2 protein chains.
Amino acid sequence: MPATSRPTSKDVAQEAGVSQSTVSLVMGGKWTGRVSPATARSVHAAAERLGYRPNPAARNLRLGTTRTVLLMVPTLTAPFFGPVYTGAARVATGHGFGVVVSTWPDDAGTAGGSAEGPFTAPHETIDGILASSLEAAALGEFAGTPAVMLDSGPHGDVPTVDFGVADGMRAIARHLASLGHRRFGHVAAGVDQWTFHARAQALEEVVRDVPGGALLREACEIDVGSAKEAAWRLLARSERPTALVCDDDLIAAGAYKAARARGLAIPDDLSVTGFDDVLLATALEPELTTVRLPAEEMGAQGMTALLELLGGTRPEPRVLPGRLVVRGSTAPPHQG
Amino acid sequence: MPATSRPTSKDVAQEAGVSQSTVSLVMGGKWTGRVSPATARSVHAAAERLGYRPNPAARNLRLGTTRTVLLMVPTLTAPFFGPVYTGAARVATGHGFGVVVSTWPDDAGTAGGSAEGPFTAPHETIDGILASSLEAAALGEFAGTPAVMLDSGPHGDVPTVDFGVADGMRAIARHLASLGHRRFGHVAAGVDQWTFHARAQALEEVVRDVPGGALLREACEIDVGSAKEAAWRLLARSERPTALVCDDDLIAAGAYKAARARGLAIPDDLSVTGFDDVLLATALEPELTTVRLPAEEMGAQGMTALLELLGGTRPEPRVLPGRLVVRGSTAPPHQG
DNA sequence: CTGTTAGCGCGTTCAA
DNA sequence: TTGAACGCGCTAACAG
């Protein structure tokens, strides 16, 4: 018995002078009324002494369950996913589950070279999947694994948790309209995700109902440089917008730069709004009017739904409302 | 044989008309010279047809290996870890390994309630750990699991990958000194991590060698509000610093706000520098002079080192140099 | 109340 | 070149 390898339940049994099954019962916590308190104590003591910890692989093999769920995100670089993870992990640990994070395969370059086989993906080493911000394309990828979709819009018959982005966008647009704005520029994320489609549509609806309302749109990548160019194009139009509605706080940062480059002061000459309310929103000058999305709550609700799903009941779709946060980047337009 | 459960190697064997062991050999890729090419083909075909994929739990139990490594980070909210993950995942998949991310337990609130047992942590369901940005306190946590420490400084006998933060900070300080600055303010991260201790020390060294050099310091949390307050305190000193050296780009954002609140223009009245060169650095106005740290490279090198470690050889400590990126936030001091 | 037994799916001897 | 048998560590029947 080499001291290098960790102790097994058999070792604990021997140490405590009982059988493996007794150890299993005691460690599993379901011994009440089946094992005498005295032996239970001695088993615990032996386990403690040996530093015993059950082998998860064996456990998994036997039980078919791993008490681990996977949070899949498109990319780790977006500041949005930190809170989502925190929320999910909080409720997970409360139920004895662990959470691991991974990105969609192509992010890490599936063109790795070796590893043709299906060994790379952590599939099936987990009980369920929390899939966040899916591209409209991806789907069914995880055949048979219980999944909850986050921030991906209504989706067939799989349970979902979404933000009320349409309401959020409407709140922004109405805020701007009530300030007196009529000519809106939409700096749109050119990403094929439900949330951005929903934002665009909600904005259109509101502007359509504004007397004399006009909406211009330019698409960009979600990065500062690309956003700056898109905003620049918008500001170059003959009928220049007096307000730039950005699909994301980061895009708003690009809009700030475009405004500055054209000599436009925010909010006096141009109002700018963001979306998400990440750290960046208060790092900018002036601070950004945006919509706060309860990201941590989404993680928590998503995990709750997944736990229900694993428990056998189909969770209801959930929608989490955003909240308009008015800061210094919006004001009445310069000249009516 | 319920259609719901996934096919096993036994099913494949039956389908192909061979024995389990043959399937195992073929799927394991080590059949050359032991199984006839014809049967190998038929096994592959059968596996394909059935959609067979080996059960990772059984594999792990038998092999004692899971081909998965864990990247542990203090928090997911820092934009720094995205690239680290990307780099690590890239080389991992190239070697048939998967990467999952998790945070240090207390982040998710170990005060979950239930789950006393040691089941929560994904320990031992992984082959190795990439531990990033450890607090000086944490250590040995992972007993026996091969680990590489990232961005945690020299550390006993465990392999490390670090940034050349001291050189980076020296580059910043010399840049400022050559511009003519003499009175430096250090807006320091009040976090007990090696990297910040190293930064502070390097800055002190350079300032000590500057004729007439003076160094003031205020500590803060790594968030905009706290950084703003610390910077504000520095700017309130009688001998006001002409340059604020910030431990982090986010802290620099706070310094920007403090400067603005005091009516100081950057860079004319005050130079500001950051560290890390994250997205935020170019979102600010003016863009931030900072030190770019090759985060993705750190992930890649760390994974390479871990793979070596798992292969049985002790990797050399690695140091990745940062690079000074001069942008618009630094200039000669107003009045010598 | 406790011990014995069987088997989860796989990789690897050992014989044939 | 292939197949039968064994055991990784664990849990859940079933005996005692």
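In what follows, the structure referred to is the one given above.
Residues numbered from 1 in each chain as written. Chains lettered and ligands numbered in written order. Predicted model: local features only at pLDDT ≥ 70, side-chain atom pairs only at ≥ 80, totals over all residues. Heavy atoms only, no water.

(A) The arrangement of the sheet that holds strand β8 (residues 243–246) of chain A in detail. Residues and elements named next belong to chain A. The strand order across the open sheet built from four strands is β7-β6-β8-β9, with neighbouring strands paired in parallel fashion. Looking at strand neighbours, the two that pair on one side only are β7 (214–220) and β9 (271–273), the edges of this open sheet. Across the sheet, the axes of successive neighbouring strands diverge by a mean angle of 20°, strand direction being ignored. Bridge count between strand β6 (residues 183–189) and β8: four bridges; the pairing is parallel. Bridging from a neighbouring strand, Phe 184 pairs with Ala 243 of β8. Most of the contacts of helix α8 (residues 224–235) go to β7, to which it runs at about 150°, and overall it touches β6, β7 and β8. (Pairing = 2+ DSSP bridges. Helix = DSSP H or I, 4+ residues; strand = E, 2+ residues; numbered from the N terminus. Axes fitted to C-alpha atoms, helices over the stretch in contact; angles between N-to-C directions. Contact = heavy atoms within 4.5 Å.)

(B) Structural view of the pairing of strand β8 (residues 243–246) of chain B. Residue and element names in this part refer to chain B. Side chains Ala 243 and Val 245 project from β8 onto one buried face, and the interleaved Leu 244 and Cys 246 project onto a second face that is buried too. Where β8 meets strand β9 (residues 271–273), three bridges bridge the pair, whose relative direction is parallel. Residue pairing for β9: Ala 243 is matched across the bridge by Ser 271. Handedness of the crossover joining β8 and β9 through helix α9 (residues 249–261): right-handed. (Buried < 20%, exposed > 50% of the residue type's maximum accessible area, 1.4 Å probe, protein only. Right-handed = clockwise from strand over helix to strand, strands pointing away.)

(C) Structural view of the protein's contact with DNA strand D. For DNA strand D, the set of nearby residues contains 23 residues, the closest of which are A:Ser9, A:Tyr52, A:Arg59, A:Arg62 and B:Ser36. Restricting the count to atoms of DNA strand D within 4 Å of the protein gives a sugar and phosphate share of 67%. One nitrogen or oxygen atom from the main chain of B:Ser19 is found 2.9 Å from a phosphate oxygen belonging to DNA strand D. Between a base nitrogen of DNA strand D and a side-chain N or O atom of B:Ser21, the distance comes to 3.1 Å. Mapped by element, the contributors of at least two residues to the surface near DNA strand D are α2 (20–28) and α4 (56–63) of chain A together with α2 (20–27) and α4 (56–63) of chain B. Ranked by residue count, the leading element in the surface near DNA strand D is α4(A), at four residues. When the residues that make up the surface near DNA strand D are grouped by side-chain class, the tally is seven nonpolar, 12 polar and four charged. (Near = heavy atom within 4 Å. Polar contact = N/O pair within 3.5 Å; in protein donor to acceptor, adjacent residues only side chain to side chain. Nonpolar A, V, L, I, M, F, W, Y, C, P; charged D, E, K, R; others polar.)

(D) Quick look at the state of the cysteines. Residue and element names in this part refer to chain A. For the structure on display, the rule yields zero disulfides over all chains. Cys 246 forms no disulfide, and the closest cysteine sulfur to it belongs to Cys 220, at a distance of 7.9 Å. Looking at Cys 246, the relative accessible area reads 0%, which means it is buried. (Disulfide = S-S within 2.5 Å.)

(E) Region of interest: the protein's contact with DNA strand C. Neighbouring DNA strand C are 24 residues, the closest being A:Arg34, A:Ser36, B:Ser9, B:Arg59 and B:Arg62. Restricting the count to atoms of DNA strand C within 4 Å of the protein gives a sugar and phosphate share of 63%. The backbone of A:Ser36 places a nitrogen or oxygen atom 2.6 Å from a phosphate oxygen of DNA strand C. A distance of 3.0 Å is found between a phosphate oxygen of DNA strand C and a side-chain nitrogen or oxygen belonging to A:Thr39. The set of elements that each furnish at least two residues to the surface near DNA strand C consists of α2 and α4 of chain A together with α2 and α4 of chain B.

(F) Spotlight on the pattern of salt bridges. In total, this model carries 30 salt bridges over all chains according to the counting rule given. Its salt-bridge partner being B:Glu204, residue B:Arg217 comes within 3.1 Å of it at the nearest N-O pair. Of this pair, B:Arg217 sits in strand β7 (residues 214–220) while B:Glu204 is found in helix α7 (residues 194–209), placing the two residues 13 residues apart along the sequence. Taking relative accessible area as the criterion, B:Arg217 reaches 33% and is therefore assigned partly exposed. What makes B:Glu204 partly exposed here is its relative accessible area of 31%. Here the salt bridges do not stand alone but share partners, grouping A:Lys257, A:Arg260, B:Asp277, B:Glu285, B:Glu287, B:Arg292 and B:Arg327 into one network. (Salt bridge = Lys/Arg side-chain N within 4 Å of Asp/Glu carboxyl O.)

(G) Quick peek at the environment of B:Gly164. Residues and elements named next belong to chain B. Relative to the helices and strands, Gly 164 is located in the loop between β5 (160–163) and α6 (165–179). As a C-alpha pair, Gly 164 and Gly 153 span 11 residues in sequence and 9.9 Å in three-dimensional space. Apart from the residues lying within four places of it in its own chain, the contact partners of Gly 164 are Val 319, Leu 320 and Pro 321.

Bear in mind that shape data such as this cannot, by itself, settle questions of function.
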